[in-house]
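# Report on the structure
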Amino acid sequence: GWTMVNIAEEAIETIRAQVGGKRAICGLSGGVDSAVAAALVQRAIGSQLTCVFVDHGLLRKGEAEQVEKDFVAATGVDLHVVDAQERFLNALAGVTDPETKRKIIGREFIRVFEAAAREIVEAHAGEVADVEFLVQGTLYPDVVESGGGTGAANIKSHHNVGGLPEDLKFTLVEPLRTLFKDEVRALGEQLGLPAEIVWRHPFPGPGLAIRIIGEVTRERLDVLREADAIAREELTRAGLDRDIWQFPVVLLADVRSVGVQGDSRTYGHPVVLRPVTSEDAMTADWARLPYDVLQRISTRITNEVREINRVVVDITSKPPGTIEWE
Ligand code: XMP
């Protein structure tokens, strides 16, 4: 019969047959696809796999820890973490244009990943089982729509490390190539991955950098991370995670408005809540979140995040509005 157990066992056998006694590298993004791909390969070849996590500092609250602690605990994977936060902040300094942000992040990501891959290759050079394979969490829809809309194309250009130099030649291992997202999630659960990873909403490769309208700074990232964490916490508390496709929180870092918090006038920043429903991100509708959930989010953000004195809701569908603001 067709079960997830069969899918997992078959995939593991296929990986073993492909990789044999060689070594493999896998980049982890924090998302479900790379996590499930890595977990499968780990089951298949164990310590012949090394995972690389580039911490670019643009993830949401708790997500780096989910990869570095929870994922490692759940899988026993050999993880190589690169703390590149400073490097990404420096590269993004003074940049406000959305596409320029994306280009810089994509470029830095490939450079950092490349350097890590090279180190790992060199560390194992000359061994019987040196590094030859690169694991990617490519899904069936990614295979089918190569190109297409901005979202799909961008997702690929960011995560695709096809730009590796000639002397680092990898053969791709893509164990999720025939699967859809819901199947990948079921597989992730079956492999015992943390629910926060398995059920994570889609999140753009450039991360919070494209949810700060204006220049990206460490302070702004911290402010947005706090506001975003509150919104996600209240959505989860209301049991609505699986009804919502994505819930970006956007910081309008260059906009200020007057407010009154406690006993004093403030001149702070607004955040935009952008909850959407969607099937595939190509089109989307604004999610009709219950008023009491919106109210709790608004109250908590303005109470707990000093820099934010106004919370607004985006009620634009896609088209004409994209899901992200940049
Ligand atoms: P938009 O904003 O175009 O987003 O409606 C559609 C989907 O794509 C995600 N997205 C990205 N993902 N790199 C990514 O990996 C990007 O540069 C990027 N831009 C948008 C967005 O979160 C949504 O799921």
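These numbers were taken from a predicted model, which means no experiment stands behind them. (Residues numbered from 1 in each chain as written. Predicted model: local features only at pLDDT ≥ 70, side-chain atom pairs only at ≥ 80, totals over all residues.)

## Focus on the overall build of the protein chain
Broken down by element type, the protein chain carries 11 helices and 12 strands. Here the C-alpha radius of gyration of the protein chain, 21 Å, is about what a compact globule of 326 residues would show, namely 20 Å. By its C-alpha atoms, the protein chain is 70 × 45 × 35 Å across when sized along the principal axes. A separation threshold of at least 6 residues defines the contact pool for the protein chain, and within that pool the share at least 24 residues apart is 77%. (Helix = DSSP H or I, 4+ residues; strand = E, 2+ residues; numbered from the N terminus. Rg over C-alpha atoms; globule rule 2.2 N^0.38 Å. Contact = placed C-beta atoms within 7 Å.)

## Considerations on the domain arrangement of the protein chain
What the domain assignment reports for the protein chain is domain 1 (4-198) and domain 2 (217-313). Computed from C-alpha coordinates alone, the two centres of domain 1 and domain 2 are separated by 29 Å. Listed as interface residues are 6 residues of domain 1 and, on the opposing side, 7 residues of domain 2. The class makeup of the residues in the side of domain 1 that touches domain 2 is 1 nonpolar, 3 polar and 2 charged. (Domains from an automatic or database assignment. Nonpolar A, V, L, I, M, F, W, Y, C, P; charged D, E, K, R; others polar.)

## Some points on the UniProt feature "binding site: ATP" (unreviewed entry) in the protein chain
Residues given the UniProt feature "binding site: ATP" (unreviewed entry) here are Ser-29, Gly-30, Gly-31, Val-32, Asp-33, Ser-34 and Ala-35. C-beta crowding within 10 Å serves as the criterion here: with 22 such atoms nearby, Gly-30 is assigned to the buried category. Beyond its immediate sequence surroundings of up to four residues, Gly-30 is in contact with Leu-59, Glu-63, Gln-66 and Val-67. Summarising the element assignment, Asp-33 is placed in helix 2 (residues 32-45). Apart from the residues within four sequence positions on either side, Asp-33 is in contact with Gly-137, Leu-139, Leu-176 and Val-184. (UniProt positions renumbered as here; feature names shortened; annotations may be inferred. Buried ≥ 20, exposed ≤ 12 C-beta atoms within 10 Å, placed from the backbone.)

## Some remarks on the sheet that holds strand 2 (residues 49-55)
Pairing within the open sheet is parallel, and its 5 strands lie in the order 3-2-1-4-5. Every other strand in the sheet has two partners, leaving strand 3 (78-83) and strand 5 (171-173) as the edge strands with one partner each. Taking the axes of each pair of neighbouring strands and ignoring which way they run, one obtains an average angle of 30 degrees across the sheet. By the bridge criterion, 4 bridges tie strand 1 (residues 23-28) to strand 4 (residues 131-135) in an arrangement that is parallel. Bridging from a neighbouring strand, Cys-26 pairs with Val-135 of strand 4. (Pairing = 2+ DSSP bridges. Axes fitted to C-alpha atoms, helices over the stretch in contact; angles between N-to-C directions.)

## Thoughts on the packing of helix 1 (residues 4-19) against helix 8 (residues 181-190)
At a minimum axis distance of 10 Å, the contact between helix 1 and helix 8 shows a crossing angle of 85 degrees. Taken together, the axis directions place helix 1 and helix 8 in an arrangement best described as roughly perpendicular. Within the contact between the two elements, helix 1 uses Met-4, Val-5, Ile-7 and Ala-8 and helix 8 uses Ala-186, Leu-187 and Gln-190. Of the residues belonging to the contact of helix 1 with helix 8, the class tally is 6 nonpolar, 1 polar and no charged. (Parallel < 35°, antiparallel > 145°, perpendicular 65-115°, else oblique.)

## Structural notes on helix 5 (residues 98-123)
Given a rise of 1.5 Å per residue, 26 residues ought to cover 38 Å, and the 37 Å separating the end C-alpha atoms of helix 5 matches this to within 8%. If you check which residues of helix 5 are buried, you get Lys-101, Ile-105, Phe-109, Phe-113, Ala-116, Ala-117 and Ile-120. (Expected span 1.5 Å × (residues − 1).)

## Examining the environment of Ile-301
Mapped onto the fold, Ile-301 is located in helix 11 (residues 291-304). Residue classification places Ile-301 among the buried positions, given that 23 C-beta atoms sit within 10 Å. When the C-alpha atoms of Ile-301 and Ala-84 are compared, they prove to be 29 Å apart, with 217 residues separating the residues in sequence.

## Focus on the nonpolar core
One finds Ala-24, Val-36 and Val-41 to be the most contacted residues of the largest nonpolar core, which totals 75 residues. Among the elements that make up this core, the one with the highest residue count is helix 2 (10 residues). For this core, the domains that each give at least three residues are domain 1 (4-198) and domain 2 (217-313). Apart from residues lying up to four places away in sequence, Val-41 is in contact with Ile-15, Ala-24, Cys-26, Leu-49, Val-135, Val-173 and Pro-175. Ranked by size, the runner-up nonpolar core spans 5 residues in total, among them Ala-284, Ala-287, Leu-289 and Ile-323. (Core = buried A, V, L, I, M, F, W, Y, C linked by C-beta atoms within 7 Å.)

## Let's talk about the pairing of strand 3
Pairing analysis gives 6 bridges linking strand 2 to strand 3, with the strands arranged parallel. Note that in strand 3 the partner of Val-52 across the bridge is His-80. Since strand 2 and strand 3 lie parallel, the crossover through helix 3 (residues 63-75) that links them has a hand, and here it is right-handed. (Right-handed = clockwise from strand over helix to strand, strands pointing away.)

## Regarding the confidence of the model for the protein chain
This prediction gives the protein chain a mean pLDDT of 92; 92% of its residues lie at or above 70. For residues 147-163, every residue scores under 50 in pLDDT, and the model assigns this stretch 20 contacts once sequence neighbours within four places are set aside. (pLDDT = per-residue confidence, 0-100.)

## Observations concerning unusual backbone geometry
The residue after Lys-318, namely Pro-319, is reached through a cis peptide bond having omega -15 degrees. Looking at the element boundaries, Pro-319 is found in the segment after strand 12 (308-313). The residue after Pro-319, namely Pro-320, is reached through a cis peptide bond having omega 10 degrees. With respect to the helices and strands, the residue Pro-320 is situated in the segment after strand 12.

## Things to note about helix 11
Along an α-helix, residues three or four apart share an orientation, since each turn contains 3.6 residues. For helix 11, built from 14 residues, the straight-helix expectation of 20 Å at 1.5 Å per residue is met to within 8% by its first-to-last C-alpha distance of 20 Å. Looking only at helix 11, the buried set comprises Ile-297, Ser-298, Ile-301 and Thr-302. Summarising the axial view, the buried residues of helix 11 lie within an arc of 115 degrees, below the 170-degree limit, and thus occupy one face. For helix 11, the exposed residues set more than 90 degrees away from the buried face come down to Asp-292, Asn-303 and Glu-304. (Arc of directions from axis to C-beta.)

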